[in-house]
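Coordinate inspection notes
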Amino acid sequence: PALMLAETYPGSYVSGTTLYYNPSGANSGTFTVDATSADAESGIDKVAFPALAGMTGGGDDTSPAFQGAYAWTASSAATGAQTVTVHNGAGLTSRSSFTLAQDATAPTSSIACDGAACTAGWYTASPVSVTLAASDGASGVATLRYTLDGSDPVGGTPYTGAFDVAATATVRWAALDQVGNLDTGSELVR
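Figured I'd write up the structure that's included with this text. From a predicted model like this one, the values you see are computed outputs, not experimental measurements.

1. Some details on unusual backbone geometry
The omega torsion of the bond from Ser126 to Pro127 falls at 5 degrees, within 30 degrees of zero and hence cis. As for its position among the elements, Pro127 is in the loop between strand S11 (108-113) and strand S12 (128-135). For Phe66, which is not glycine, the phi torsion reads 45 degrees and is therefore positive. Looking at Phe66, the relative accessible area reads 10%, which means it is buried. In this structure, Asp114 is a non-glycine residue whose phi angle is positive, near 50 degrees. By secondary structure assignment, the location of Asp114 is in the loop between S11 and S12.

2. A closer look at the nonpolar core
Counting 20 residues, the largest nonpolar core has Phe31, Val33, Leu52, Met55, Phe98 and Leu100 as the members making the most contacts within it. Elements with a contribution of two residues or more to this core: strand S1 (2-7), strand S3 (18-21), strand S4 (29-36), strand S5 (44-49), strand S8 (67-72), strand S9 (80-88) and strand S10 (93-102). Top element by residues in this core is S4. It accounts for three residues. Core analysis: the next-biggest nonpolar cluster, separate from the first, contains 17 residues, Val128, Leu144, Tyr146 and Tyr159 among them.

3. Topic: the sheet that holds strand S2 (residues 12-15)
Strand pairing in a sheet relies on backbone hydrogen bonds, with the paired strands running either antiparallel or parallel. Ordered by their spatial adjacency, six strands build an open sheet running S2-S3-S10-S9-S5-S7, and the pairing between neighbours is mixed. Taken across any chain shown, the strands that pair with only one partner, and hence form the sheet edges, are S2 and strand S7 (59-61). Neighbouring strand axes in the sheet, compared pairwise and without regard to direction, differ in orientation by 25 degrees on average. Two elements, S5 and S9, share four bridges in a ladder whose sense is antiparallel. Bridge pairing in S9 links Ala48 to Thr85.

4. Things to note about the sheet that holds strand S14 (residues 157-158)
Strand order across the open sheet formed by four strands is S14-S13-S16-S17, with antiparallel pairing between neighbours. Among the strands making up the open sheet, the edge pair consists of S14 and strand S17 (182-189).

5. Comments concerning the state of the cysteines
Counted under the stated rule, the structure contains one disulfide. Disulfide pairing is shown between Cys113 and Cys118; the S-S distance is 2.0 Å. The sign of the S-S torsion, about 80 degrees, decides the handedness of the disulfide formed by Cys113 and Cys118: right-handed. As far as burial versus exposure is concerned, Cys113 and Cys118 are alike and both buried.

6. What about the packing of aromatic side chains?
On inspection of all chains with the given rule, the structure shows five aromatic pairs. Relative to Tyr70, the ring of Phe31 has its centre 5.1 Å away and its plane inclined at 15 degrees; by these criteria the two rings are stacked. You can see Phe31 sitting in strand S4 and its partner Tyr70 sitting in strand S8, a full 39 residues away along the chain. Overall, the relative accessible area of 3% leaves Tyr70 in the buried class. Ring centres of Tyr146 and Tyr159 lie 6.4 Å apart, and the angle between their planes is 75 degrees; this geometry places the pair in the edge-to-face category. A residue pair is termed long-range when its members are at least 10 positions apart, and Tyr146 in strand S13 (residues 141-147) and Tyr159 in the loop between S14 and strand S15 (163-165) qualify at 13 residues. Judged by its relative accessible area of 12%, Tyr146 falls in the buried class.

The rules behind these values
- Residues numbered from 1 in each chain as written.
- Predicted model: local features only at pLDDT ≥ 70, side-chain atom pairs only at ≥ 80, totals over all residues.
- Heavy atoms only, no water.
- Helix = DSSP H or I, 4+ residues; strand = E, 2+ residues; numbered from the N terminus.
- Buried < 20%, exposed > 50% of the residue type's maximum accessible area, 1.4 Å probe, protein only.
- Core = buried A, V, L, I, M, F, W, Y, C linked by side-chain atoms within 4.5 Å.
- Pairing = 2+ DSSP bridges.
- Axes fitted to C-alpha atoms, helices over the stretch in contact; angles between N-to-C directions.
- Disulfide = S-S within 2.5 Å.
- Phe/Tyr/Trp six-rings, centres within 6.5 Å; stacked < 30°, edge-to-face > 60°.

The structure is reproduced here in structure tokens:
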């Protein structure tokens, strides 16, 4: 069968056949696994969706939709490859899998001034070219934002490339991954 995953909560993210979800804190959500399969001779009898640790849902679907709906909470522990089995009318089976991955780790982010680590002292030339970077080893970075006035960077300017700081400023930044994990930083640039 061909499988398609769909998340329906901001604490989860689909990349190909992998669903990343963030079970930390009070997070909870739902997702569906849609199976597409056909058998011109005996037809499809049912699609068996796996039971997943700490999640509700799964089981056999005999409807033409062939959909497994799941709900997860902070206590969910399912990870790794999960197998969906299609049964045809003649008792033959076909399998396909999707992967679940927990992601409760924030991205890592950094700042550089004039192409090197920012210093605590004064810069002798103005403006100072500031660059930000963020990476995430699981679901991936969703956004990197910054402010120059010391305010909360979560709603700040989206980072698209180097920017100049011509006067003393507190650069604050926030890196958010695809499932809501947040990393923040702050640097006085003068």
